[in-house]
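Understanding the architecture of this molecule
If you want the building blocks of each chain, they are given just below.
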Protein chains: 2
Amino acid sequence: MREVAALAGVSLKTVSRVVNRESGVSADVVTRVERAVAQLGYRHNLAASNLRRGHGKTAMVGALLQDVSNSFSSSLLRSLEDEARDRDVVIVASSLDEEPERERALVEGLVRRRVDGLLLMPATDRHDYLADDLRSGLPIVFVDRSPNGIDTDSVTIDNARGSRLAVYHLVAHGHRRIAFLGDLPTIQTARTRHEGFEAAMRARHLPIDPSMTITSLRSPEDAEAAVRRLLASDEPPTAIFAARNSLAVGTIRALHRLGKAGEIALVGFDDFPLADIVDPPLTVIRQNVGAIGAEVAQRLFARIDGDTSPPRHVVLAPELVERGSGEIRP
Amino acid sequence: MREVAALAGVSLKTVSRVVNRESGVSADVVTRVERAVAQLGYRHNLAASNLRRGHGKTAMVGALLQDVSNSFSSSLLRSLEDEARDRDVVIVASSLDEEPERERALVEGLVRRRVDGLLLMPATDRHDYLADDLRSGLPIVFVDRSPNGIDTDSVTIDNARGSRLAVYHLVAHGHRRIAFLGDLPTIQTARTRHEGFEAAMRARHLPIDPSMTITSLRSPEDAEAAVRRLLASDEPPTAIFAARNSLAVGTIRALHRLGKAGEIALVGFDDFPLADIVDPPLTVIRQNVGAIGAEVAQRLFARIDGDTSPPRHVVLAPELVERGSGEIRP
DNA sequence: TCACCCTTTGACAACGATGTCACGATCACG
DNA sequence: CGTGATCGTGACATCGTTGTCAAAGGGTGA
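Residues numbered from 1 in each chain as written. Chains lettered and ligands numbered in written order. Predicted model: local features only at pLDDT ≥ 70, side-chain atom pairs only at ≥ 80, totals over all residues. Heavy atoms only, no water.

Re the protein's contact with DNA strand D
- Near DNA strand D, the surroundings consist of 25 residues, among which T14, R17 and V29 of chain A together with S16 and R52 of chain B are the closest.
- Each atom of DNA strand D within 4 Å of the protein was assigned to sugar, phosphate or base; sugar and phosphate come to 60%.
- Here a phosphate oxygen of DNA strand D sits 3.1 Å away from a polar atom, N or O, in the side chain of H44 of chain B.
- For DNA strand D, a base nitrogen lies 3.4 Å from a polar atom in the backbone of A48 of chain B.
- For the surface near DNA strand D, the secondary structure elements donating two or more residues are helix 2 (12-19) and helix 4 (46-53) of chain A together with helix 2 (12-19) and helix 4 (46-53) of chain B.
- The leading source of residues in the surface near DNA strand D is helix 4 of chain B, at four residues.
- For the surface near DNA strand D, the per-class residue count stands at eight nonpolar, nine polar and eight charged. (Near = heavy atom within 4 Å. Polar contact = N/O pair within 3.5 Å; in protein donor to acceptor, adjacent residues only side chain to side chain. Helix = DSSP H or I, 4+ residues; strand = E, 2+ residues; numbered from the N terminus. Nonpolar A, V, L, I, M, F, W, Y, C, P; charged D, E, K, R; others polar.)

This is the structure we're talking about:
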């Protein structure tokens, strides 16, 4: 900037005026400065500018998601981006991989960078560690999982309801032996889906067979192996409820490879782009990712814009989409 | 920081020392300062720190991708993140949506934020506008598409080869009437795939029927509509080459809804997570996204670490994966 | 005991930018 | 032609940090 000022024969402040398109600079000076800027390849330094301006806005928000390469996370990211785009806000995106340590480290890093807000799909169980930042005015919106130990905005879905829909649907199609495939019980959503499953089974007066309730499955491969074991047992299930999209994928693979694709009923939790063209088309509990993302983005930016109303907890209802795999009879 | 210093009864510089874990501070002072930090909820300001340190490193890199919610882009993002994670570097991710204007605006924004490097899957045709930044030392690595007008690192795949593989494969299975579905010809990869398709057809002495060469398809819905039109014609194709994953998805949907899923051969370009369990399993030209991502990340960080060797242009070879849909005979 | 060294700490300027305020020049007006 | 208002510009301090250098205090060896 100093060099630009020298080359244009003006003061630093005047360069600043031109760069910020402030009014009250003569046309002649503007062109001289702009020429100097172009000639020297000068680039305005936003960090320094923000520092001086003091208000602190960096026009950056953080998005801490489960895994940016997972379709649910990346759709949320995209929704947030669409909203951010209008405001010239950029997004720092990271994957937590369900690792609490990583969450804490990343939050720390983003706070040090003074992001204007945080979208969090937490990997931790308790969130008191965020209390200070929250109090000091950092907007944080939880998505997919609720805050615990602090009170802040959240957008989640009713996971128990989703599980209930799945179970009742399978029961209505004549199933009694329903297997449950779930993720790590340390993950809030996975736990709630599991509890919802058992509650629904009890509500329908069906026994819960521990050997058919498999949790801590992390990948399609885990699910595939689990399904192979299930179907090799003496009394295999007639239906499977896969409580996460990647587990449904693994289940489909297993059924295909065992040649039982049309025989065992399957309901997945979470829709995904191709669920309608797999074989058989997959019946799923759908959460409307677009609606979740839009709600989250709106909340976050409202807070950034100064909304100080009490935290809001939005719970969206998932719905069951019949496509075929869930309507197979025993 | 001033308040922390006052509360701990030390100077600013000493607080700085403690915060940066510099040696040569007595244990007593360290604990006093740390207590003050905790009590006041003080957060180190990275922007100010970077400003003063002058070296300019912000520990941020930008990733400008086609669409972060698309599986190819998000896998690349994830690969980059895995490498960045080790170095405590965060990623600013954005979608360009094939809009040149957006690319320029985002690059501008990231340069103003002084990112340490840029991963770019460009939406623009010419990239001279980056020359200044490149010259001033900003590492830029192109992915999926080559730089034009500047010389900088790139990691791409041999798209023409991919198209050739597809055509030869279909021809070997007895097809002569092969339809081509492609994206906007303004997109470099789409253009190259199209050219590769026509070159391969000529090499096999097959006529290129303009009515069966459809480009500018942007979404699965576009592809679906195109396939419906194709199959409604007097002389429908016996095979389809869908030169992008979302177009293959639309094609599969169309074939399903028309009840021709097992009759028309189909080869897609780009693999995707569920291609093996759709019906029939999809034969694709696969690009190894993991390898691309790893290569890109390595290049970018090598440059950031000061590698000044001449720009390298890595071209990876795609391969054909037989799964069923491409082996259907006319 | 004295000169010298090492350890620990602080004062100060500077990183790149901008808000504040003051200054000189131009202008309109009576 | 004097006066006050308006316009364009610049000097300076400051945002939150840290590199540099110097000083205070204690320890060591001759």
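Having seen it, we continue.
Let's talk about the protein's contact with DNA strand C
- In the vicinity of DNA strand C there are 26 residues, among which S16, N20 and R52 of chain A together with T14 and R17 of chain B approach most closely.
- Backbone atoms, meaning sugar and phosphate, make up 59% of the atoms of DNA strand C lying within 4 Å of the protein.
- Residue S49 of chain A places a side-chain N or O atom 3.4 Å away from a phosphate oxygen belonging to DNA strand C.
- The separation between a base oxygen of DNA strand C and a polar main-chain atom of R52 of chain B is 3.2 Å.
- Breaking the surface near DNA strand C down by element, the ones donating at least two residues are helix 2 and helix 4 of chain A together with helix 2 and helix 4 of chain B.
- With five residues, helix 4 of chain A is the single largest residue contributor to the surface near DNA strand C.
- Split by residue class, the surface near DNA strand C holds eight nonpolar, nine polar and nine charged.

Looking at the packing of helix 8 (residues 159-172) of chain B against helix 9 (residues 188-203) of chain B
Residue and element names in this part refer to chain B.
- It is the contact of helix 8 with helix 9, at a shortest axis distance of 7 Å, that shows an interaxial angle of 45°. Looking at the two axes, helix 8 sits oblique to helix 9. Considering the relative orientation of helix 8 and helix 9, their crossing is right-handed. Across the interface between the two elements, N159, A160, S163, R164, V167 and Y168 from helix 8 touch T189, T192, R193, G196, F197, A200, M201 and A203 from helix 9. (Axes fitted to C-alpha atoms, helices over the stretch in contact; angles between N-to-C directions. Parallel < 35°, antiparallel > 145°, perpendicular 65-115°, else oblique. Left-handed = near helix turned anticlockwise from the far one by under 90°. Contact = heavy atoms within 4.5 Å.)

Concerning the side chain of R303 of chain A
All names here are of chain A.
- Inspection of the secondary structure assignment puts R303 in helix 12 (residues 289-304).
- For R303, a relative accessible area of 13% gives the class buried.
- Of note is the side chain of R303, whose polar atom sits 2.5 Å from the side chain of D153.
- Look past the residues within four positions of R303 in its chain and what remains in contact with it is P139, D153, T308, S309, P310, P311 and R312. (Buried < 20%, exposed > 50% of the residue type's maximum accessible area, 1.4 Å probe, protein only.)

Brief notes about the sheet that holds strand 2 (residues 90-95) of chain B
- Read from one edge to the other, the open sheet built from twelve strands follows the order 11(A)-5(A)-4(A)-3(A)-1(A)-2(A)-2(B)-1(B)-3(B)-4(B)-5(B)-11(B), with strand pairing classed as mixed. Each of the sheet's edge strands pairs with one partner strand only, and the pair in question is strand 11 (313-316) of chain A together with strand 11 (313-316) of chain B. Direction aside, the axes of adjacent strands within the sheet are offset by 20° on average.
- Where strand 1 (residues 60-65) of chain B meets strand 3 (residues 117-120) of chain B, four bridges bridge the pair, whose relative direction is parallel. By the bridge assignment for strand 3 of chain B, A63 of chain B is matched with L119 of chain B. (Pairing = 2+ DSSP bridges.)

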